Amino acid sequence: MSVVLDKPAYTTLSGKPIERLYTPADLADFDPARDLGEPGSWPYTRGIHATMYRGKLWTMRQFAGFGTPEETNRRYHYLLSQGQSGLSVAFDLPTLMGYDADHMQSEGEVGKCGVAISSLADMETLFDGIPVEQVTTSMTINSPASVLWAMYLVVAEKQNASWEKISGTTQNDILKEYIAQKEYIYPPRPSMRLVTDTIEFGVKHVPRWNPISISGYHIREAGSTAVQELAFTLRDGIEYVEWAVERGLAVDDFAPRLSFFFNSHSDFFEEIAKFRAARKVWAQTMRDRFGAKNERSLLCRFHTQTAGCSLTAQQPYNNVARTALQALAAVLGGTQSLHTNSLDEAWALPTEEAALIALRTQQVIAYESGVTAAADPLGGSYFVERLTLDTERDTLEYFRKIDALGGMIAAIERGFPQREIADASYEFQRALETQEKVMVGVNKFNTSDEAPLPLLVIDESAAAQQTEKLRHLRASRDNKRVSETLRALETAARGTANTMPYILDCVRAYATLGEICDAFRTVFGTYEETSIT
Amino acid sequence: MPDRRIRVLVAKPGLDGHDRGAKVIARALRDAGMEVIYTGLRQTPEMIVSAALQEDVDVIGLSILSGAHNALVPRLMQLLRDKEMSDVIVILGGIVPDADIPQMKEQGVAAVFQPGASLEDIVSTIHRLKDKN
C-alpha cells in the first residue's frame with residue numbers, strides 16, 4: 001500500500017486554512033494583557049477560575065436515560081456508585097415533544113431515546129432513593145422544560161429538600177431547537193416567554209439552579225462549523241438576556257446563573273480555541289453590551305459533550321480513541337463539566353459496559369494524564385492564540401449579521417442560521433466523499449468483516465407499562481383538582497403572569513405532561529417550520 | 001414513458017427532529033439530477049403516503065434515527081399496499097441495527113443505508129432500483 005499522501009488540504013475540520021508554522025509574526029495584533037489575562041481574571045480567555053482544576057475537577061456528568069423510570073433509576077444508582085459526580089437526564093421523544101406515553105404520536109418512541117416521563121409519579125420513581133439536595137441534576141429538556149422542572153421541584157418538596165439548596169440545570173434553550181434540533185412545540189415568541197418565566201422564577205425561588213444551558217452542541221451536531229456553533233450559541237445567549245432585562249430583571253441578578261453547553265469535536269486545536277474564545281466573547285458581551293458589573297455575570301461556565309456525530313458505526317472501538325481526544329480538548333479548553341460518549345452510540349443508547357468505559361476515559365484524563373495541574377497549559381502557543389483570535393473575530397462578524405437582521409428570532413424566522421448550517425453540513429459531506437476529510441473506518445482504512453457489537457435493546461414493553469401507569473393515574477387522582485389547575489394555567493397563559501406557579505399547581509395535582517402542554521397549545525398554537533434543504 | 005427525472009420524496013416520520021441526514025440527502029439527490037420533495041418533520045405514515053401519491057414519486061426515502069423504524073415502517077408499507085402503490089420504491093436511512101434489516105426487507109424496503117453510507121452509493125442504488133422497476 002502506498003504511503004504517499006494525496007495533496008493534503010491543511011484546513012481545520014471546519015475548513016479554516018492552517019499555516020505550516022506559527023511564529024510571533026502571526027500575533028502582531030495580540031496583546032497578552034488585553035487578550036489573555038490570567039485564569040480567573042479578565043477577559044477570562046484562560047479560564048473562569050484562578051486555580052482551575054487544582055481547585056475543583058470538572059463534574060463528570062454522563063447523560064443517561066432509557067425505557068421506564070424504574071430502569072433509569074437503577075442506572076443512576078449504578079453511575080453514582082461508580083464515582084460519577086452528577087446526574088443528567090435523557091428524556092424520550094414523546095416527553096421532549098410534550099406528549100404522554102399513551103398519545104397516538106408516541107407510538108414506537110416510548111423510552112427509546114431516553115426515559116419516558118409523563119407525570120409527577122414518573123419523576124418520583126426516577127429519583128427514588130436519590131436525595132436531590134445532595135446531587136446536582138441536569139435535565140435535557142427544552143420546549144416543555146418548565147413542566148419537567150416543576151416536577152423536579154415538587155419531588156424536592158416531597159423529599160423535604162429546600163429549593164434554596166438544590167442545584168442543577170434545565171437545558172431550556174428553545175432557540176437552538178428552531179435552529180438545529182427541531183424539538184419545538186409552540187412558536188418562538190411564546191416559547192421565549194416560558195423561558196423567561198423560568199429565569200425569573202429561579203432568581204426568586206431556586207437561586208442555585210441554572211435555568212438555562214445555552215447550547216451549541218446540537219447546532220454542531222446538525223453540521224455547523226466551530227465558529228457557527230459558537231456564534232449562534234452566544235447570540236442566542238444575548239437574546240435570552242434581552243428578554244430577561246425586558247421582563248424587568250437586573251442583569252446581575254440572573255446572568256450569573258446562565259450556563260452554556262458546547263460540543264467538543266475532532267479537530268483538537270480548533271476546539272480548544274473555540275472554548276477559549278467563548279469565555280472572552282461572553283465576558284466582553286456582558287460587560288459592554290449589557291453593562292454587567294457582577295464578575296460572575298461575565299463568566300461563561302460551560303458543560304461539554306464529545307461529538308456524537310463523529311462516532312462511527314464502523315469499527316466502533318475506534319470511538320474510544322476519538323472520544324478521549326475530544327474530551328482532552330474540552331479539558332484543555334477549561335470545561336466545567338463533561339459528558340463522554342460511549343463507543344456504541346452510533347448504533348444505540350449505550351450498554352452499561354460501554355457507558356463505564358466512557359466514564360473511565362474522563363477519569364484517566366483527570367487522574368493520570370497530568371493535564372489538570374497547570375491552568376490553560378496551551379496559553380501563549382502562537383498557533384492556539386492565533387486560532388482563538390480568529391474564532392473571536394469570526395464570531396463577532398456573525399453577531400453583526402444577526403443584529404442587522406433584527407436579532408436571533410428574526411434571523412431564525414428568515415432561516416438564516418438554518419441555511420448557514422445546511423450549507424456547512426453539505427460541504428462537509430462532500431469533503432468526505434472526496435476524501436478531503438477522513439473518517440477512519442468509514443472513507444479510509446475500511447475493513448469488511450466486523451464482529452457485531454452487543455447493543456442495548458430497549459424493551460418494547462416500556463410503552464405498555466407507561467400506558468398502564470397513566471391509566472391508573474387518571475383513575476386514581478382528584479380529577480376535579482386537575483381540571484381546575486389546568487384551567488387556571490390556561491388563564492395565566494392568556495395573560496402576562498409568570499406561568500411557573502400555575503404549572504407547579506398542575507404538577508402537584510398530578511396533571512400529566514401532555515395535559516399541561518395541551519393547555520399551552522390551546523393558547524399559543526404550535527409551530528411549523530419552513531424546511532430549508 | 002419518456003425519460004422523466006426520477007422523483008423522490010424524502011420523508012422524516014416520527015417525533016425526531018434530527019434532519020441533518022435528510023437534508024444532506026435531499027440536496028445530494030437534487031445535485032444528481034433527481035427531483036426531490038422534502039416533507040419536513042414529524043410526518044405520520046399517512047401523511048407520507050398521501051404526499052407520495054400527490055407528488056407521483058418513484059421513490060420514498062425515509063430517514064429514521066430514533067429507533068422507531070420497527071413501528072413506523074410496517075405501517076407505511078401497509079398503507080402503500082392498501083393504496084396499490086407497491087411500485088413505489090422505499091429506501092430507509094438512519095440508525096438501523098443489522099438485526100433489524102431482515103425485517104425491513106421482508107416489509108418491502110428495497111435498501112437500507114446505515115450510518116456512514118456514502119452519497120454516491122445512495123444515488124447509484126436509486127438508479128439501479130429504478131432501472132429494475
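Residues numbered from 1 in each chain as written. Chains lettered and ligands numbered in written order. Predicted model: local features only at pLDDT ≥ 70, side-chain atom pairs only at ≥ 80, totals over all residues. Heavy atoms only, no water.

### Considerations on the state of the cysteines
Residue and element names in this part refer to chain A. Heads up, the condition is: Only a pair of cysteine sulfur atoms within 2.5 Å qualifies as a disulfide here. Between buried and exposed lies partly exposed: a residue is buried under 20% and exposed over 50% of the maximum accessible area for its type, with that area taken using a 1.4 Å probe on protein chains only.
The final tally for this structure, using the stated rule, is zero disulfides over all chains. In this model Cys 113 remains outside any disulfide bridge; the closest cysteine sulfur is found in Cys 309, 16 Å from its own. Left unpaired, Cys 517 is separated from the closest cysteine sulfur, that of Cys 506, by 11 Å. Its relative accessible area of 0% is what places Cys 517 among the buried residues.

### Some thoughts on the sheet that holds strand β2 (residues 35–38) of chain B
Residue and element names in this part refer to chain B. The condition is simple: Here, any two strands with at least 2 DSSP bridges between them count as paired. The helix count covers DSSP runs of H or I at least four residues long, the strand count covers runs of E at least two residues long, and both are numbered beginning at the N terminus. Interaxial angles span 0 to 180 degrees and are taken between N-to-C directions of axes, which are lines fitted to C-alpha atoms, for helices over the stretch in contact. Any two residues having at least one pair of non-hydrogen atoms within 4.5 Å are treated as being in contact.
In space, the five strands of this open sheet follow the order β2-β1-β3-β4-β5, with parallel pairing throughout. Each edge of the sheet is formed by a strand with only one pairing partner; in this case those strands are β2 and β5 (111–113). On average, adjacent strands in this sheet sit at an angle of 20° to one another, irrespective of strand direction. As judged from the six bridges shared by strand β3 (residues 59–64) and strand β4 (residues 89–94), these two strands associate in the parallel manner. Looking at β4, one finds that Val 59 is bridged to Ile 89. The sheet strands contacting helix α1 (residues 20–31) are β1 (7–11), β2 and β3, and the helix crosses β2 at an angle near 160°. In the packing of helix α3 (residues 69–82) onto the sheet, contacts are made with β3 and β4, and the angle to β3 comes to roughly 160°.

### Looking at the packing of helix α11 (residues 268–289) of chain A against helix α14 (residues 382–404) of chain A
Packed helices, taken two at a time, are described by the angle between their axes plus the distance between the axes. Residues and elements named next belong to chain A. Quick reminder of the rule: If an angle is under 35 degrees, it is roughly parallel; if it is over 145, roughly antiparallel; if it lies from 65 to 115, roughly perpendicular; otherwise it is oblique. Left-handed describes a crossing whose near helix is turned anticlockwise from the far helix through less than a right angle; right-handed describes the clockwise counterpart. Each residue is assigned to one class: nonpolar for Ala, Val, Leu, Ile, Met, Phe, Trp, Tyr, Cys and Pro, charged for Asp, Glu, Lys and Arg, and polar for all the others, Gly among them.
At their nearest, the axes of α11 and α14 sit 8 Å apart, and the two run at 50° to each other. Between α11 and α14, the interaxial angle falls into the category oblique. The handedness of the crossing between α11 and α14 is right-handed. Where α11 abuts α14, its residues Phe 269, Glu 270, Ile 272, Ala 273, Lys 274, Arg 276, Ala 277, Lys 280, Val 281, Gln 284, Thr 285 and Arg 289 lie against Phe 383, Val 384, Glu 385, Leu 387, Thr 388, Leu 389, Thr 391, Glu 392, Thr 395, Leu 396, Phe 399 and Asp 403. Looking at the contact of α11 with α14 residue by residue, the class counts come to 11 nonpolar, five polar and eight charged.

### A few points about the sheet that holds strand β8 (residues 258–264) of chain A
Within a sheet, each strand pairs with its neighbour through backbone hydrogen bonds, oriented either parallel or antiparallel. All names here are of chain A. Ordered by their spatial adjacency, five strands build an open sheet running β1-β10-β9-β8-β7, and the pairing between neighbours is parallel. The sheet is open, and its two edges are formed by β1 (59–60) and β7 (212–215), each paired on a single side. Where β7 meets β8, four bridges bridge the pair, whose relative direction is parallel. Within β8, the residue paired with Ile 214 across the bridge is Phe 260. Helix α9 (residues 226–246) rests against β7 and β8 of the sheet, and its axis sits at about 165° to β8.

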